[in-house]
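# Notes for the structure review
Below are the chains, spelled out letter by letter.
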Amino acid sequence: MVARNMLDALPIPAIFIGEDNRIRRSNKKAQDLLNMRIDGRHYVTALRQPTLLDHIEKTMVEGVAGQVSFIHTEAGRDVVYEVHLERVVTDRDTENGVLLSFMDVKSQEEAGQMRSDFVANVSHELRTPLTALTGFIETLRGPARDDAEARDRFLGIMETEGKRMNRLVADLLSLSRVEDMARIRPTDKVDICAVLNSVRNALSPTADARGVSVSIETELEPPVLVAGDLDQLAQVFTNLIENAIKYGRRDGTVSVMVSRMPMLPAFKGSAICVSVKDDGPGIPGHHLSRLTERFYRVDNHRSRELGGTGLGLAIVKHIINRHRGRLRIESDEGQGSKFTVLLRDDQ
Ligand code: ADP
């Protein structure tokens with residue numbers, strides 16, 4: 001006998017049809033899917049798609065298990081379910097029938113599509129430096145063989161392209177490491193101000209090269225503690241401050257502010273806010289919601305010229321998610337950009 005709570009225990013919509021062709025049991029997910037009370041109805045009036053109806057009859061009469069697609073419109077988009085049909089026979093033949101379970105294959109297809117888009121993007125990103133490298137190798141073997149000046153110039157470009165590939169591979173590895181750890185919540189106590197100071201020191205050559213000054217301001221008493229992963233938080237602020245230096249104004253200022261928000265409803269408690277603000281050209285509003293997507297760039301040419309991989313903010317977002325924190329991005333064109341990281345206070 002198929003008990004109602006047995007169907008409710010399933011993570012997908014499920015319907016049990018008795019030999020009298022009436023729906024004997026269905027779980028809440030199935031009722032939500034069909035948007036009606038279906039128990040007790042003849043299955044033909046609840047499931048109106050002819051191929052599915054044919055399959056139910058076949059499974060009921062011949063006892064053969066089957067699979068059939070069921071297309072359903074939810075919130076204006078088509079969702080494709082794969083319905084599995086299985087004949088159920090009980091011990092004393094008291095309640096025989098057919099069990100239908102609905103698997104949402106569209107989500108699986110989308111996940112597959114995302115994976116293949118990602119592979120296509122990575123291949124594209126790697127192909128550009130690889131093409132340059134192989135091209136210059138050919139030139140150095142052929143026409144530029146005896147041209148010392150050209151050789152030096154080409155080797156310089158080859159070095160830049162080699163380093164670009166290295167950065168890309170390093171960023172891809174760090175993205176996949178962060179994804180692997182997504183469910184493990186970090187517990188070490190990390191002093192945010194100490195992290196920021198060491199990131200600023202490490203980036204001082206980059207800042208000096210662009211004449212940018214980086215200031216860190218706070219009214220909080222150190223240490224300012226959050227529960228976190230030291231290396232990953234250092235990576236978050238390295239990416240944000242490096243971007244502010246790279247995309248901000250030449251000879252400009254990057255201001256890092258650390259403050260406490262006494263009550264952030266999303267955290268049900270207080271938050272430590274770190275904002276990284278530059279006085280560069282800013283980012284047009286319509287790009288803001290997509291900035292943390294992998295390989296999303298506002299200005300492709302400029303990002304590549306500055307050695308960007310297009311993965312920095314995707315890594316930032318994943319690390320902050322792992323910390324159950326929040327990232328807010330604000331920007332007014334011409335007024336600079338501000339990236340704010342909100343982390344759970346651990347004082
Ligand atoms: P990239 O490796 O290209 O820097 P990121 O993921 O770090 O990749 O950033 C994505 C894009 O967001 C960049 O290509 C740049 O166009 C834009 N961006 C990031 N930070 C800033 C900023 N502070 N000011 C203006 N644009 C920025």
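Check the entry above for the structure.
What comes next concerns the included structure. Remember, predicted model here, so these are calculated numbers, not experimental data. Throughout this document, residue positions are counted from 1 along each chain, in the order its sequence is written. Since the coordinates come from a predicted model, pLDDT governs what is reported: local features require at least 70, and pairs of side-chain atoms require 80 or more to be given and counted, while whole-chain, interface and lining totals use all residues. Only hydrogens and water are set aside when side-chain values are computed; all heavy atoms of the structure are taken into account.

### Structural notes on the layout of surface pockets
Residues are said to line a cavity or pocket when one of their atoms sits within 4 Å of a point; the points come from a 1 Å grid over protein atoms alone, cavities being sets where a 1.4 Å probe fits but cannot get out and pockets being open sets with protein on both sides within 12 Å along at least five of seven lines. Grid points are joined across faces, edges and corners, and a volume is the space filled by probe spheres set on the points. Here the largest pocket defines a volume of roughly 860 Å³. Sorting the residues of the lining of the largest pocket by element identifies α6 (148-180), α8 (230-247), α9 (300-305), α10 (312-322) and β12 (336-344) as the ones contributing at least two each. In terms of residues, the lining of the largest pocket owes the most to one element, α8, which gives nine residues. When its residues are assigned to classes, the lining of the largest pocket shows 14 nonpolar, 14 polar and eight charged. Both domains that furnish three or more residues to the lining of the largest pocket are identified here as domain 2 (106-180) and domain 3 (185-347). Empty space within the second largest pocket amounts to approximately 380 Å³. Contributing to the lining of the second largest pocket are 15 residues, with Met-114, Arg-115, Asp-117, Phe-118 and Arg-294 lying nearest its centre. When residues of the lining of the second largest pocket are assigned to their parent elements, the largest contribution, six residues, is made by helix α5 (residues 105-141). In this count, Pro and Cys sit with the nonpolar residues alongside Ala, Val, Leu, Ile, Met, Phe, Trp and Tyr, while Asp, Glu, Lys and Arg are called charged and the others, Gly among them, polar. A class-by-class count of the residues in the lining of the second largest pocket yields five nonpolar, three polar and seven charged. Numbering goes from the N terminus for both helices and strands, where a helix is a DSSP run of H or I of at least four residues and a strand is a run of E of at least two. Throughout the structure description, domain borders are defined by an automatic or database domain assignment.

### Looking at the sheet that holds strand β5 (residues 97-104)
Strand order in the open sheet made by the five strands is β2-β1-β5-β4-β3, with antiparallel pairing throughout. In this open sheet, the two edge strands, each paired with only one partner strand, are β2 (23-26) and β3 (66-74). Within the sheet, the average angular offset between the axes of one strand and its neighbour, ignoring direction, is 25 degrees. Summarising the sheet, strand β4 (residues 77-88) and β5 pair through eight bridges and their orientation is antiparallel. Residue pairing for β5: Leu-85 is matched across the bridge by Leu-100. Across the sheet, helix α4 (residues 50-62) touches β1 (14-18), β3, β4 and β5, and the angle it forms with β4 is around 10 degrees. Strands β4 and β5 of the sheet are contacted by α5, whose axis makes an angle of about 120 degrees with β4. When DSSP finds at least two bridges between two strands, those strands are taken to pair. Each axis is a line fitted through C-alpha atoms, taken for helices only over the stretch in contact, and angles between the N-to-C directions span 0 to 180 degrees. Residue contacts follow a heavy-atom distance rule, with two residues in contact if any of their heavy atoms lie within 4.5 Å.

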